[in-house]
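Coordinate inspection notes
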Amino acid sequence: MERKLPREEAWELLTKYTKTSALQNHALAVEAVMRHFARLNGEDEEVWGVAGLLHDLDYEMYPQEHCRKSEEIMRQRGIDEVYIRAMNCHGYGLCTDVKPETLMEKTLYAVDELAGLINAACLVRPSKSVLDLEVKSLKKKFKDKAFAAGVNREVILKGCEMLGTDLDTLMREAIAGMRESAELIGLKGTL
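Residues numbered from 1 in each chain as written. Predicted model: local features only at pLDDT ≥ 70, side-chain atom pairs only at ≥ 80, totals over all residues. Heavy atoms only, no water.

1. Details of the nonpolar core
As a reminder of what qualifies: Joining through side-chain atoms within 4.5 Å is the link that ties buried Ala, Val, Leu, Ile, Met, Phe, Trp, Tyr and Cys residues into a set, and such a set is a nonpolar core. Each residue's exposure class comes from its accessible area (1.4 Å probe, protein chains only) as a fraction of the maximum for that residue type: buried when under 20%, exposed when over 50%, partly exposed otherwise. A run of DSSP states H or I qualifies as a helix once it reaches four residues; a run of E qualifies as a strand once it reaches two. Both are numbered from the N-terminal end.
In terms of nonpolar packing, the biggest core is built from 57 residues, with Leu 54, Leu 114, Ile 118, Leu 138 and Met 178 touching the most fellow members. In terms of residues, this core owes the most to one element, helix α6 (residues 103-123), which gives 11 residues.

2. Overview of helix α2 (residues 21-40)
Since the α-helix turns once every 3.6 residues, residues separated by three or four places project in the same direction. In plain terms, the rule: Expected span of a helix: the number of residues minus one, times 1.5 Å.
In a regular helix each residue adds 1.5 Å, so 20 residues correspond to 28 Å; α2 covers 28 Å between its end C-alpha atoms and thus fits that length. The buried fraction of α2 amounts to 14 of the 20 residues, a majority that puts the element mostly inside the structure.

3. A few points about unusual backbone geometry
Of note, Lys 128 is a non-glycine position whose phi angle comes to about 55 degrees, a positive value. With respect to the helices, strands and loops of the structure, Lys 128 is situated in the loop between α6 and α7 (135-143). Positive phi, close to 45 degrees, is recorded for Ala 148, a residue that is not glycine.

4. Some details on the environment of Arg 7
Going by this rule: Counting of polar contacts relies on pairs of N or O atoms within 3.5 Å, with two restrictions inside protein: one atom must be capable of donating a hydrogen and the other of accepting it, and residues adjacent in sequence are counted only when both atoms are side-chain atoms.
One can find Arg 7 in helix α1 (residues 7-17). In this structure the C-alpha to C-alpha distance between Arg 7 and Leu 54, which are 47 residues apart in sequence, comes to 9.9 Å. Of note is the side chain of Arg 7, whose polar atom sits 2.6 Å from the side chain of Glu 31.

5. Side note on the pattern of salt bridges
Spelled out, the test is: Between Lys or Arg on one side and Asp or Glu on the other, a salt bridge is scored when a side-chain nitrogen of the former is within 4 Å of a carboxyl oxygen of the latter.
Applying the stated criterion across every chain, the model contains 17 salt bridges. Between Glu 173 and Arg 172 there is a salt bridge, with the nearest N and O atoms lying 3.7 Å from each other. Among the residues examined, Glu 173 registers a relative accessible area of 16% and is labelled buried. The partly exposed category is assigned to Arg 172, whose relative accessible area is 43%.

Structure representation (structure tokens):
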């Protein structure tokens with residue numbers, strides 16, 4: 001890897017292009033999940049976290065150019081290819097044709113939509129918290145196509161396949177990652 005992007009720099013860049021707290025919280029949630037998976041796999045937590053933080057860099061300002069605009073912005077700043085590839089891979093089959101190859105790329109692809117589902121599931125809980133969310137109730141929400149209809153369940157399942165893991169494991173670990181940052185991502189709720 002040529003140049004690690006410091007988290008502060010990544011956050012500054014994200015908040016320049018992403019102003020709404022919901023999208024900032026999503027970026028923070030994906031960062032938390034990526035850091036958790038990096039630790040589980042003995043990988044670089046900082047690199048994985050920053051990749052998660054920046055995955056939707058252009059989404060708020062340039063939704064029609066999602067991923068393409070992010071690549072342009074990142075290249076102009078001389079951001080390392082590892083982050084650009086990861087960002088592009090999360091849109092594989094949706095808005096890019098960059099197939100996830102590394103463990104980090106496959107993980108980001110798998111957990112992005114899942115983080116959105118977990119967030120939505122938490123918001124309808126009495127506690128409004130990720131701290132008491134269980135896999136069983138998340139799976140019920142996953143199966144209910146009308147719930148959080150914008151969440152692409154196919155991507156989550158394809159991500160499981162790419163990672164060679166099952167849905168329960170992916171959900172359990174993603175929830176664990178989001179619990180670590182519950183307060184930061186606005187999902188501590190009343191607990």
